[in-house]
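One-letter residues, chain by chain:
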Amino acid sequence: QVHLEEPGGGAVQAGGSRRLSCVTVISVVKVSSMGWYRQAPGTPREFIATSTADGTTDYSDSVRGRFTISRDNAKNTVYLQMNNLNPGATAVYSCNAVLQLASWRLPGEYWGRGTPVTVVS
């Protein structure tokens, strides 16, 4: 069952910008932290950014100052604005969220399927 969908991937020119979205497509009681990771071919998955429910954010040093995470709590959606992209940012970007699906269930960690971003020079 799909819990998170990530529209917004695709090809972008080096130096350009792209905004990714992560939409919670399942009914939930609560959404806690939401964040982004990426994985380039042949490399381990890398943390990019996270946002807690109260808006506290954190970034990896590799994207700090160029990427911005934001969220719309009313829509249970998190965004990743990526600016000044370089070919090194080419990867599959995946959304991660802590969701509570029902009041009687404990929160759990869920992943989107990932969306590819290709930066071409």
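Data block above holds the structure.
Residues numbered from 1 in each chain as written. Predicted model: local features only at pLDDT ≥ 70, side-chain atom pairs only at ≥ 80, totals over all residues. Heavy atoms only, no water.

1. Regarding the side chain of T77
Part 1 of the argument: Within the secondary structure layout, T77 lies in strand β8 (residues 77–82).
Part 2 of the argument: Separated by 2.9 Å, the side chain of T77 and the backbone oxygen of K75 make a polar contact.
Part 3 of the argument: Those residues in contact with T77 that lie beyond four places of it in its chain are C22, V23, M34, S70, R71 and D72. (Helix = DSSP H or I, 4+ residues; strand = E, 2+ residues; numbered from the N terminus. Polar contact = N/O pair within 3.5 Å; in protein donor to acceptor, adjacent residues only side chain to side chain. Contact = heavy atoms within 4.5 Å.)

2. Let's talk about the pairing of strand β9 (residues 91–100)
Part 1 of the argument: Of all ten residues making up β9, eight are buried, and the element is well covered by its neighbours.
Part 2 of the argument: Sheet topology note: the strand β4 (residues 30–39)/β9 ladder contains eight bridges and is antiparallel. The residue bridging Q39 from the neighbouring strand is V92, located in β9.
Part 3 of the argument: Sheet analysis places β9 next to strand β10 (residues 108–111), joined by four bridges and oriented antiparallel. Within β10, the position partnered with A97 by the bridge is Y110. (Buried < 20%, exposed > 50% of the residue type's maximum accessible area, 1.4 Å probe, protein only. Pairing = 2+ DSSP bridges.)

3. Side note on the environment of C22
Part 1 of the argument: Within the element layout of this structure, C22 appears in strand β3 (residues 18–24).
Part 2 of the argument: Sequence separation of C22 and A91 is 69 residues, and the distance between their C-alpha atoms is 16 Å.
Part 3 of the argument: With sequence-adjacent residues up to four places away left out, C22 is seen in contact with L4, E5, E6, M34, W36, N76, T77, V78 and C95.

4. Details of the state of the cysteines
Part 1 of the argument: Taken as a whole, this structure holds one disulfide when the rule is applied.
Part 2 of the argument: Here C22 pairs with C95 through a disulfide, and the sulfurs are 1.9 Å apart. As the torsion about the S-S bond is roughly -80°, the C22-C95 disulfide counts as left-handed. Of this pair, C22 sits in strand β3 while C95 sits in strand β9, and the two are 73 residues apart along the sequence. The exposure classification of C22 matches that of C95, with both residues buried. (Disulfide = S-S within 2.5 Å.)

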